Amino acid sequence: MRLQVKGKNLEVSDSIRAYAERKLAKLDPQLHELTQVELELAVEKNPSISENQIAEGTIWTKGPVLRARESSSDMRASIDMLVEKLERQARRYRDKRRRGPTRGSSAPEAETIPVVADEEAPVIVKTKQFPVKPMTPEEAVLQLELIGHDFFVFQNAETTDVNVVYRRRDGDYGLIEPQIA
């Protein structure tokens, strides 16, 4: 495993770096030796509450990208919680890979969501960028389950269009495909 530790709004001390390396070493048996792991440590200051110590991890595997983010008032506690979450994701990924695909390849119909005009314009408070890898919708659902989000953006390997898979309230999954007008 190749580990990169970065700091955002803070200087990463040698003791925190060593602690993170020691904790993330628990993932070594579950990952390929060439897997790249990036850990970003950050401090967010909020005047109404105390400082938030954030640990955000990204693991690039041969298959999906595993991501997790944890925060607390102590950086070591944030790292501990992050490692636990990444361990669960890596274990789930490994187990699902052994079992193989369990869902059919039929895509559900797209739902129409009405657009409601709002008096105030929405404010974008965070922007994330990530590489979009070509994959099948079934692989995208697996990735969605691994990262634990409600949706996942991917490039459909069959059509080369950007698609979104999402978790529906009934527990099933939906696929959003662009419609050329």
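Read on for a plain summary of the structure.

What counts and what doesn't
- Residues numbered from 1 in each chain as written.
- Predicted model: local features only at pLDDT ≥ 70, side-chain atom pairs only at ≥ 80, totals over all residues.
- Heavy atoms only, no water.
- Helix = DSSP H or I, 4+ residues; strand = E, 2+ residues; numbered from the N terminus.
- Buried < 20%, exposed > 50% of the residue type's maximum accessible area, 1.4 Å probe, protein only.
- Contact = heavy atoms within 4.5 Å.
- Areas by Shrake-Rupley, 256 points an atom, 1.4 Å probe, with all protein chains shown as cover.
- Salt bridge = Lys/Arg side-chain N within 4 Å of Asp/Glu carboxyl O.
- Pairing = 2+ DSSP bridges.
- Axes fitted to C-alpha atoms, helices over the stretch in contact; angles between N-to-C directions.
- Polar contact = N/O pair within 3.5 Å; in protein donor to acceptor, adjacent residues only side chain to side chain.
- Patch = residues over 30% accessible without salt bridge, like charges linked within 9 Å, V, L, I, M, F, W, Y side chains within 5 Å.
- Lys, Arg positive; Asp, Glu negative; His and termini not counted.
- Charge placed at Lys NZ, Arg CZ, Asp CG, Glu CD.

1. As for the overall build of the protein chain
- Counting secondary structure elements, the protein chain contains three helices and eight strands.
- Mapped from its N terminus to its C terminus, the protein chain presents α and β elements in the order β-α-β-β-β-α-β-α-β-β-β.
- Looking at the protein chain residue by residue over its 181 residues, the buried ones come to 32%.
- Taking contacts inside the protein chain between residues at least 6 apart in sequence as the whole, the part at least 24 apart equals 46%.
- Total accessible area computed for the protein chain in this model is approximately 12,400 Å², and 50% of it derives from carbon and sulfur atoms.

2. Regarding the pattern of salt bridges
- Inspection of the entire model under this criterion finds seven salt bridges.
- Among the salt bridges present, the one from Glu44 reaches Arg69, with a minimum N-O distance of 3.5 Å. Here Glu44, found in strand S2 (residues 36-44), pairs with Arg69, found in strand S4 (residues 65-72); they are 25 residues apart in sequence, far enough to count as distant.
- Where Lys128 meets Glu56, a salt bridge forms, and the shortest distance between an N and an O atom there is 3.7 Å. Of this pair, Lys128 sits in the loop between helix H2 (75-99) and strand S5 (134-135) while Glu56 sits in strand S3 (residues 52-60), placing them 72 residues apart in sequence.

3. A word on the sheet that holds strand S7 (residues 162-167)
- Pairing within the open sheet is mixed, and its four strands lie in the order S5-S6-S7-S8. The open sheet has two edge strands with one neighbour each: S5 and strand S8 (173-176).
- Packed onto the sheet, helix H3 (residues 137-147) meets S5, strand S6 (151-156), S7 and S8 and runs at close to 150° relative to S6.

4. Here we look at the environment of Tyr173
- Relative to the helices and strands, Tyr173 resides in strand S8.
- We classify Tyr173 as buried; its relative accessible area is 13%.
- Distance in space between the C-alpha atoms of Tyr173 and Val141 is 7.6 Å, their sequence separation being 32 residues.
- Only 3.3 Å separates the side chain of Tyr173 from the side chain of Arg167, close enough to count as a polar contact.

5. So, the sheet that holds strand S1 (residues 2-8)
- Within the open sheet, the four strands sit side by side as S1-S2-S3-S4. Their pairing is mixed. One side of each edge strand has no neighbouring strand; the edge strands of this open sheet are S1 and S4. Taking the axes of each pair of neighbouring strands and ignoring which way they run, one obtains an average angle of 15° across the sheet.
- Sheet topology places S1 next to S2; seven bridges connect them, and they run parallel. By the bridge assignment, Lys6 is partnered in S2 with Glu40.

6. Here's the deal with a positive patch on the surface
- A contiguous patch of positive charge on the surface is contributed by Arg88, Arg91, Arg92 and Arg167.
- When residues of the positive patch are assigned to their parent elements, the largest contribution, three residues, is made by H2.
- As for its position among the elements, Arg92 is in helix H2.
- Classification of Arg92 by relative accessible area gives partly exposed; the value is 33%.

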